[in-house]
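Structural features, examined
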Amino acid sequence: MKTIGKFIPVLLILGIMLTQLAFAGEARKRISASKDEFSDISDIEAEIVFGRELSARILGNYSLIDDEEIIKYVNLVGKALALYAGRPELEFYFGVLDTDELNAFATPGGYVFITNGALMKMDNEAQLAGVLGHEIAHVVKKHVVKELHIKGDEGSAAGGIAGLIGGTTGTVRVALDQALDDATNILFNRGYKIADEIEADRVGILLASIVGYDPLALKEFLSSVRSFEVEDKTYKGEHPVFEVRMREIDKTLNEHGLKNVKKAKVRDRFYENVKK
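Here goes a summary of the coordinates provided. Per chain, the residues get numbers from 1 upward, laid out in the order the sequence is written. Two thresholds apply to this predicted model, a pLDDT of at least 70 for residue-level local features and 80 or more for giving and counting side-chain atom pairs, whereas whole-chain, interface and lining totals are computed over all residues. By convention in this description, side-chain values take in all heavy atoms of the structure and omit both hydrogens and water.

1. So, the nonpolar core
For the record, the criterion: To qualify as a nonpolar core, a set must consist of buried Ala, Val, Leu, Ile, Met, Phe, Trp, Tyr and Cys residues joined through side-chain atoms within 4.5 Å. When accessible area is computed with a 1.4 Å probe and restricted to protein chains, residues below 20% of their type maximum are described as buried, those above 50% as exposed, and intermediate ones as partly exposed. By definition, any uninterrupted DSSP run of H or I lasting at least four residues is a helix, any uninterrupted run of E lasting at least two residues is a strand, and each is numbered from the N terminus. Throughout, a contact is declared for two residues whenever any of their heavy atoms are within 4.5 Å.
Val 74, Leu 81, Phe 92, Ile 114, Leu 119, Leu 128 and Ile 136 are the most contacted members of the largest nonpolar core, which totals 73 residues. The dominant element in this core, judged by the number of residues it contributes, is helix α6 (residues 125-140), at 9 residues. Setting aside its immediate chain neighbours within four residues, Ile 114 contacts Val 74, Gly 95, Val 96, Leu 97, Asn 103, Ala 104, Leu 119, Met 122, Leu 128 and Val 131.

2. With respect to the pattern of salt bridges
The criterion, for reference: Salt bridges are identified by distance alone: a Lys or Arg side-chain nitrogen within 4 Å of an Asp or Glu carboxyl oxygen.
All chains considered together, the criterion is met by 13 salt bridges. Among the salt bridges present, the one from Glu 47 reaches Arg 87, with a minimum N-O distance of 2.9 Å. Of this pair, Glu 47 sits in helix α3 (residues 43-61) while Arg 87 sits in the loop between α4 (68-82) and β1 (93-97); the two residues are 40 residues apart in sequence, bridging distant segments of the chain. Across the pair Glu 220 and Lys 265 runs a salt bridge, and its minimum N-O distance is 3.2 Å. Note that Glu 220 is positioned in helix α11 (residues 217-224) and Lys 265 in the loop between α12 (241-255) and α13 (267-273), a separation of 45 residues in sequence. Glu 220 sits in the partly exposed class, given a relative accessible area of 34%. The network of salt bridges with common partners includes Glu 47, Arg 87 and Glu 89.

3. A look at the environment of Glu 125
With respect to the secondary-structure elements, Glu 125 resides in helix α6. As for Glu 125 and Arg 269, which are separated by 144 residues in sequence, their C-alpha atoms are 7.4 Å apart.

4. A word on a nonpolar patch on the surface
To keep it simple, the criterion reads: What goes into a patch is any residue over 30% in relative accessible area without a salt bridge, connected to like charges within 9 Å or, for nonpolar side chains (Val, Leu, Ile, Met, Phe, Trp, Tyr), within 5 Å. With residues, only the protein chains shown are counted as cover, and all accessible areas are computed by Shrake-Rupley using a 1.4 Å probe.
Residues Leu 83, Tyr 84 and Ile 210 make up a contiguous nonpolar surface patch of roughly 330 Å² in combined accessible area. Structurally, Tyr 84 can be placed in the loop between α4 and β1. Take Tyr 84: its relative accessible area is 45%, and that puts it in the partly exposed class.

5. Quick look at the packing of aromatic side chains
Rules: The criterion for an aromatic pair is that two Phe, Tyr or Trp rings (for Trp, the six-membered ring) have centres within 6.5 Å, with stacked assigned to planes under 30 degrees apart, edge-to-face to planes over 60 apart and tilted to the rest.
The full count for this structure, using the stated rule, is 7 aromatic pairs. An angle of 20 degrees between the planes, with centres 6.3 Å apart, marks the rings of Tyr 62 and Phe 188 as stacked. Here Tyr 62 is found in the loop between α3 and α4, whereas its partner Phe 188 is found in helix α9 (residues 171-190), with 126 residues between them in sequence. Using a relative accessible area of 12% as the deciding quantity, one classes Tyr 62 as buried. Residue class for Phe 188 comes out partly exposed when judged on its relative accessible area of 22%. Relative to Tyr 111, the ring of Tyr 93 has its centre 5.7 Å away and its plane inclined at 10 degrees; by these criteria the two rings are stacked.

6. Describing the packing of α6 against helix α10 (residues 194-211)
Which entries qualify depends on this criterion: With axes taken as lines fitted to C-alpha atoms, and helix axes fitted only over the stretch in contact, angles between N-to-C directions fall between 0 and 180 degrees. Angles are sorted into four bins: roughly parallel if under 35 degrees, roughly antiparallel if over 145, roughly perpendicular if 65 to 115, and oblique for all others. We call a crossing left-handed when the near helix sits turned anticlockwise from the far one by less than a right angle, and right-handed when that turn is clockwise.
α10 packs onto α6 with a crossing angle of 125 degrees between their chain directions and a minimal axis gap of 7 Å. By the angle between their axes, α6 is oblique relative to α10. Classified by chirality, the crossing of α10 by α6 is right-handed. Of the residues in α10, those touching α6 at Ala 129, Gly 130, Gly 133, His 134, Ile 136, Ala 137 and His 138 are Asp 196, Glu 197, Ala 200, Asp 201, Val 203, Gly 204, Leu 207 and Ala 208.

7. Focus: α3
Selection rule: In a helix, the anticipated span is given by 1.5 Å times the number of residues less one.
Under the 1.5 Å per step criterion, the end-to-end length of α3 is 27 Å for 19 residues, consistent within 8% with the ideal 27 Å. For α3, the complete set of buried residues consists of Ala 46, Glu 47, Ile 48, Val 49, Phe 50, Gly 51, Arg 52, Glu 53, Leu 54, Ser 55, Ile 58 and Leu 59.

8. Overview of the sheet that holds β1
So the rule is basically this: Being paired, for any two strands, means DSSP has found at least two bridges between them.
Pairing within the open sheet is mixed, and its 3 strands lie in the order β1-β3-β2. Of all strands in the sheet, those with a lone pairing partner are β1 and β2 (104-107), marking the two edges. Across the sheet, the axes of successive neighbouring strands diverge by a mean angle of 15 degrees, strand direction being ignored. Here 5 bridges tie β1 to strand β3 (residues 111-115), and the two strands are oriented parallel to one another. Paired with Leu 97 across the strands is Thr 115, a residue of β3. Contacting β1 and β3, α4 runs over the sheet at an angle of about 140 degrees to β1. Contacting β1, β2 and β3, α6 runs over the sheet at an angle of about 30 degrees to β2.

None of the figures reported here should be taken as evidence of function without further support.
Take a look at the structure:
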């Protein structure tokens, strides 16, 4: 295994802790409790439960790959990034979807997916870290949560996550389903707002750089697969969304002195684990 300075010990420690991944079961998990028990559910709990529900919808469209080694490897990289994400109250989970499509998804609460098709288009671990960092940023910055006003109280757009936990039927369940429909539309059709994508690029690049990866990797990957992400169809700017994002990525690199910084790409280990 190729060493890359101080980064390896972090992954080795995580590797020992991560003996197995139960992502599918966790994503589909429902908390069994009465509505009364969760009448004062916190916003963080609401975020996590809503994310589980949304993850279940993703897994309704795709299955996870049957390769524990790849899933473990992606989790090692993702969890190393998550250590610096600034959301210690969340446990991040990473899954690889069994499809040739080029995409990645993140749901509130810390559930991140990348497609096998996207993995196969990557050339090194730094590119994987850049994409995972981008998706982690959507969670950290609560892009879906803020847009849909997901909260623990009854006044939220979801009608109160407590109702979801208690298996409530009727108007509350309808409101929750509508919120999940709206979130699904963001992930699969409409796309994030351009401002959210730019923020996720910025945070993702900084996360990857802090861990020790080449900060240029995300831009390199996005440039090689321009159809990777659904663009914001509501954007009416003068320039195409992709050009705006590339310009903002350059701005981030320049502002943080990362334009000419040479850090680890980690190509050998990526090929050993992903393209074996």
